[in-house]
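Chain by chain, the residues:
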Amino acid sequence: MWVNTMPKFIINGGRQLCGELMVQGAKNSVLPLLAATILCSGTSVLHNCPKLSDVAASMNILKHLGCLCQFDAGSITVDTNNFKCSRIPDKLMLKMRSSVIFLGAILGRCGFATISSPGGCELGPRPIDLHISSLKRLGVMTNEKHGFIEFYAPNGLMGNEINLSFASVGATENIILAAVTAKGRTIIYNAAKEPEICDLCNFLNTCGAHIRGSGTDTIIIDGVDSLIGCEHNVIPDRIVVATFMAAAAITGGEIVLNNINSSHITAICSVFEESGCDISIFDNKLCLKSPPKLSRVSTIRTSIYPGFPTDAGPILLSMLALSNGSSIIVENIFENRFRYVDELKRLGANINVEGRVAIIEGVDKLSAAYCRCTDLRGGAALVVAGLAAKGTTIVDDIYHIKRGYEKIDYNLSLLGADIKEV
Ligand code: EPZ
């Protein structure tokens, strides 16, 4: 008989989460930052890096490209002096979608790159058409064969004006990485404004780049000849903050989160407050007290920053499964972000999905069950529900969760949860 030996979380739910935690560095910031080190001569050091499988995958790509890199006590040191190769092998590319972010950096470094179509969460078709069309505006030519795409800039990268039809985070990052050492000026209109874009631009400017306007929808990049590696602190992970807030709220607990950046989570906090949570923020510390019973909230519409982030949608949907009344989440970013809902229903959640709209009818209680992660944030949503469900919940295929959460079981245990990896 085939026995599924994949790691799982075993959760004995129903315990109130109370306590204090330090929030990890942002996965979606450290990944483009690791790619950006390729553009810098010498050594870069990134502090406050989370120990994640996506970070390990990115470090493997850097090593494959000839860079020296090591992870030590939350800091990653990258030495790119031996950078020698411009092709990322299939197996590394398929590990995660954000591997496409190496494209712009490799092109910026050597003018030639070969990648295959990226992997990542199954959130619907995740094309890279905006990446490719934007890079072509910078003088890049492409040649597609055998599932790989060759990118090359015969006359070097040239600055240009680029209008993004959608404020794609990854495409904005790739354009920035390709433009910082291009000849002349690049202007990105309708650029993504996420905090991770600002973090990337702050790092690059410290290394000697000339980037203005990050955090707005128009980013101006004046190409420079070279960048020199530097030290940088990665911003806190705003989605991990939302996850621990939801874990406390759904169990009627009370937590303090340290090392947060409150300006990154205003849309998230307003939903928690509407559900009855009491939130107070002092500098980089957030305190959340949950109500005896969560209230329904008005329709949540995910959108680009600073709107409600799509990545926090699954987590809040899971929390609202136990609220009184019905709430609606409209997913406006990804085609198919509700694959985890069927798994959530195994725990007794009452949710109806119609295309991009999920209607959550709050129930009085959730009951433990076996469930499987479908993607990173959907997996986190199952853990949140399992913490509140009466009985022993088994969450399978937790490799999805390990892509984005550092030691989530250890951290939840610090808050009093009964969760173990087996
Ligand atoms: C980044 O993905 C994040 N990943 C995602 O987080 C996040 O959900 C997303 O931004 C939106 O905030 C990383 O930063 C590694 P997009 P990205 O390009 O860059 C479509 C997580 O859980 N699109 O803004 O891939 C695309 O299909 C992950 O941490 C095109 O059509 O997001 C999607 O519908 C999940 N063509 C939408 O835009 C393109 O060329 C958003 O994509 C590019 C994107």
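Residues numbered from 1 in each chain as written. Predicted model: local features only at pLDDT ≥ 70, side-chain atom pairs only at ≥ 80, totals over all residues. Heavy atoms only, no water.

Draft legend 1. A look at the pattern of salt bridges. Counting across every chain of the model gives 14 salt bridges. Between R238 and E196 there is a salt bridge, and its shortest N-O distance comes to 2.9 Å. Taken together, the residues R238 in helix α8 (residues 238-250) and E196 in helix α7 (residues 195-206) connect sequence positions 42 residues apart. Look at E196 and you get buried, because its relative accessible area is 6%. In this structure, K402 and E421 form a salt bridge, with 2.7 Å as the shortest nitrogen-oxygen distance. With K402 in helix α13 (residues 399-402) and E421 in strand β25 (residues 418-421), this residue pair connects regions lying 19 residues apart in the sequence. Looking at K402, the relative accessible area reads 31%, which means it is partly exposed. You can call E421 partly exposed: its relative accessible area is 34%. A network of salt bridges, in which partner residues are shared, links K27, D54 and R403. (Salt bridge = Lys/Arg side-chain N within 4 Å of Asp/Glu carboxyl O. Helix = DSSP H or I, 4+ residues; strand = E, 2+ residues; numbered from the N terminus. Buried < 20%, exposed > 50% of the residue type's maximum accessible area, 1.4 Å probe, protein only.)

Draft legend 2. Broad picture of the environment of M319. You can see M319 is positioned in helix α10 (residues 313-320). Separated by 66 residues in sequence, M319 and A385 place their C-alpha atoms 6.8 Å apart. Here M319 is in contact with A246, A249, I250, F272, S275, L294 and V384, once residues within four sequence places are set aside. (Contact = heavy atoms within 4.5 Å.)

Draft legend 3. Up close: the packing of aromatic side chains. Counted by the stated rule, this structure contains zero aromatic pairs. Taking NZ or CZ as reference, K51 lies 4.2 Å from the ring centre of F71, over its face. Seen from the ring of F148, R87 lies directly overhead, with NZ or CZ sitting 3.9 Å from the centre. (Phe/Tyr/Trp six-rings, centres within 6.5 Å; stacked < 30°, edge-to-face > 60°. Lys NZ or Arg CZ within 6 Å of the ring centre and 35° of its normal.)

Draft legend 4. Looking closely at the side chain of S318. Relative to the helices and strands, S318 resides in helix α10. Among the residues examined, S318 registers a relative accessible area of 0% and is labelled buried. A polar contact of 2.8 Å, which involves the side chain of S318, links it to the backbone oxygen of A381. Other than its neighbours up to four places away in sequence, S318 contacts I250, L344, A381, V384 and A385. (Polar contact = N/O pair within 3.5 Å; in protein donor to acceptor, adjacent residues only side chain to side chain.)

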